[in-house]
Amino acid sequence: MDLLFRIAQEVQKETKVRVHRRNVEKVLSAVLTTGDFWKIIDLSDIPVPAAAEIVRRLISEGVLFIDDSENILLTQKGYDLVSELGIASIVDHSCRACEGRGYPFYSDKDLYRTFVEIARERPSPIRDYDQGAVTPETTIARVLFMDSRGDLRNKEIMVMGAEDDLTGLAVALTRKAKRVLVIDIDERLIDFDNRVFRELGIDNAEAMVWDLRNPFPEEMIGKFDVFITDPPETFAAFRAFIGRGIATLKEEGCAGYFGLTLRDSSIFRWKEFQETLLNEYGVVITDIIQDFNHYMNWEYHPETKAARIAPVKREPKEIWYRSAWYRIETLPGFKRWNEPISDEVFYLDEEGSTT
Ligand code: SPD
C-alpha cells in the first residue's frame, strides 16, 4: 500500500479527524517550505491534531526528523520520497499589499488609524470563550469588504459573539450604518464598546451581553440587513452563531459574514457546514476568501490541547492561524434557526484544539 495513503488511514483512526492522502502530501510540501510546525499547519490547511499525527508518523517512517532548534526537516529518505512522488514546495503569488484579501486596509487610512488608536486599550483574549483577535488590518478589511458589497451604508447590522475582533466597533466608527447592535458573552468587550460609543457620541450603536447558546427573543428576529460573526468550529457553535445570525435577517437578499478555519475543522466538516447552509437554511454562498482573517497569537496557547499534542515545544512566533471569510445571502424561503443549544460540545471537539 502507498505510504502516504497508509499514513492518512492511520492518522484518521488515531485522531478521529478525517484526512485523505493528499493532506499528507501537502504536509510534505509544507515541510519543504518551512521547518516551523505552526507554519506547516498554516500551509497544510488541516486541523492541528491531524498535522501533529502526520508529522509524528512521518518521523517514525524515517521521512522527517526534528533538529536541535525544533525545526521539522526531511531526511535523505524524505528527499528521495518527495522527488519520486513529484511533491513540490508551496508557492504564494497572493498580493503582498492587501495580504491576499483583495480589500487593502489602507483604502480608508483615517478609519484604520482611528481604529488602531482605540484598539490599543482593548481587553486581552481569554481562553474561556475561544477568543483570539484578528489583526487590525483584518478588521478594517472586513468593513471595507462589506462596504464594497453594499452591506454597510444605511444598513441595520448585527455583530454577534466575536467582538474580541472589535468588528462591531469598526463598523460603528464608519458612522455609515443605520444601526449597529453588538452582542457578546464577554462583559469586558461590551463595556469597552459602550464606553467608546459614549465618548465618541456614536448614538446609533449599542453593545449588549448575550450568550448565543440561548435563543434570541422575538424582537431580534428578522430585524437586521446584515450579520457578522466568527464562530468556534463545532456544529453546536455553527448553529448558535450562524443559524441564529440568519434568523436575525429581514428578508431575502440580506447578507451574513463569518469566518471558518481549517486549523480547527477539516474540509470534510466544511462540506457539512456548506450543506447545512444550502439545504437546511436556504442561503447561498456568494464569497469564500481563503486566509482573509489573520489571528494574532494568544497568550493562553501553552494551556491548549494544540500545544500539548504538538511534536515541538516551540511556541508560534508568526501568524499561523488564519480563516476564510464567507459571505452568504438569503434566498426566498430561507429558514430562521433559533433553537436552544443543549450540546455540551460548544468550543472543542476532536477536530478543534486551540481553545
Ligand atoms: N482559540 C484560537 C483563536 C480562535 C479564534 N476563533 C476563530 C474562529 C474561526 N471561525
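Report follows, based on the coordinates.

What counts, and where the lines are drawn
Residues numbered from 1 in each chain as written. Predicted model: local features only at pLDDT ≥ 70, side-chain atom pairs only at ≥ 80, totals over all residues. Heavy atoms only, no water. Helix = DSSP H or I, 4+ residues; strand = E, 2+ residues; numbered from the N terminus. Buried < 20%, exposed > 50% of the residue type's maximum accessible area, 1.4 Å probe, protein only. Contact = heavy atoms within 4.5 Å. Near = heavy atom within 4 Å. Polar contact = N/O pair within 3.5 Å; in protein donor to acceptor, adjacent residues only side chain to side chain. 1 Å grid on protein atoms, 1.4 Å probe; cavity = no way out; pocket = protein on both sides within 12 Å on 5 of 7 lines; lining within 4 Å. Sits in = over half its atoms within 2 Å of the grid points. Nonpolar A, V, L, I, M, F, W, Y, C, P; charged D, E, K, R; others polar. Pairing = 2+ DSSP bridges. Axes fitted to C-alpha atoms, helices over the stretch in contact; angles between N-to-C directions. Points joined across faces, edges and corners; volume = space filled by probe spheres on them. Domains from an automatic or database assignment.

1. Overview of the environment of Val143
Thought 1: Topologically, Val143 is positioned in helix α7 (residues 136-148).
Thought 2: Accessibility expressed as a relative area gives 1% for Val143, which makes it buried.
Thought 3: Along the primary structure Val143 and Thr261 are separated by 118 residues, whereas in three dimensions their C-alpha atoms are 19 Å apart.
Thought 4: Those residues in contact with Val143 that sit more than four places away from it in its chain are Leu111, Leu152, Ala170, Val171 and Thr174.

2. A look at the site of the ligand
Thought 1: Around the ligand sit Asp130, Gln131, Gly132, Asp230, Pro231, Glu233, Gly259, Tyr295, Trp298, Tyr300, Tyr321 and Thr354, and those are all the residues in its vicinity.
Thought 2: A distance of 2.6 Å separates a nitrogen atom of the ligand from a polar atom in the backbone of Pro231.
Thought 3: A distance of 2.4 Å is found between a nitrogen atom of the ligand and a side-chain nitrogen or oxygen belonging to Glu233.
Thought 4: Put simply, the ligand lies in the largest cavity.
Thought 5: Its residues assigned to classes, the shell around the ligand shows five nonpolar, four polar and three charged.

3. A closer look at the sheet that holds strand β4 (residues 179-184)
Thought 1: Spatial strand order, β5-β4-β3-β6-β7-β9-β8: seven strands in an open sheet with mixed pairing. Edge strands, defined here as strands with exactly one partner in the open sheet, are β5 (205-209) and β8 (283-294). Ignoring strand direction, the axes of neighbouring strands in this sheet form an average angle of 20°.
Thought 2: Bridge count for strand β7 (residues 255-261) against strand β9 (residues 322-330) is seven bridges, and the pairing is antiparallel. Bridge pairing links Gly259 to Trp325 in β9.
Thought 3: Across the sheet, helix α10 (residues 235-247) is in contact with β3 (156-160), β6 (226-229), β7, β8 and β9; its angle to β6 comes to roughly 170°.

4. Topic: the layout of surface pockets
Thought 1: Empty space within the largest pocket amounts to approximately 510 Å³.
Thought 2: In terms of lining residues, the largest pocket is bounded by 19 residues, among which Asp92, Ser94, Arg96, Asp291 and Arg322 are the most central.
Thought 3: Sorting the residues of the lining of the largest pocket by element identifies α2 (21-33), α3 (37-44) and β8 as the ones contributing at least two each.
Thought 4: Its residues assigned to classes, the lining of the largest pocket comprises five nonpolar, five polar and nine charged.
Thought 5: No fewer than three residues from each of domain 1 (3-85) and domain 2 (105-330) sit in the lining of the largest pocket.

5. Considering the environment of Asp164
Thought 1: Along the chain, Asp164 falls in the loop between β3 and α8 (167-174).
Thought 2: You can call Asp164 buried: its relative accessible area is 12%.
Thought 3: Spatially, the C-alpha atoms of Asp164 and Arg122 are 8.3 Å apart, while their sequence positions differ by 42 residues.
Thought 4: Here Asp164 is in contact with Arg122, Gln131, Gly132, Ala133, Asp184 and Leu189, once residues within four sequence places are set aside.

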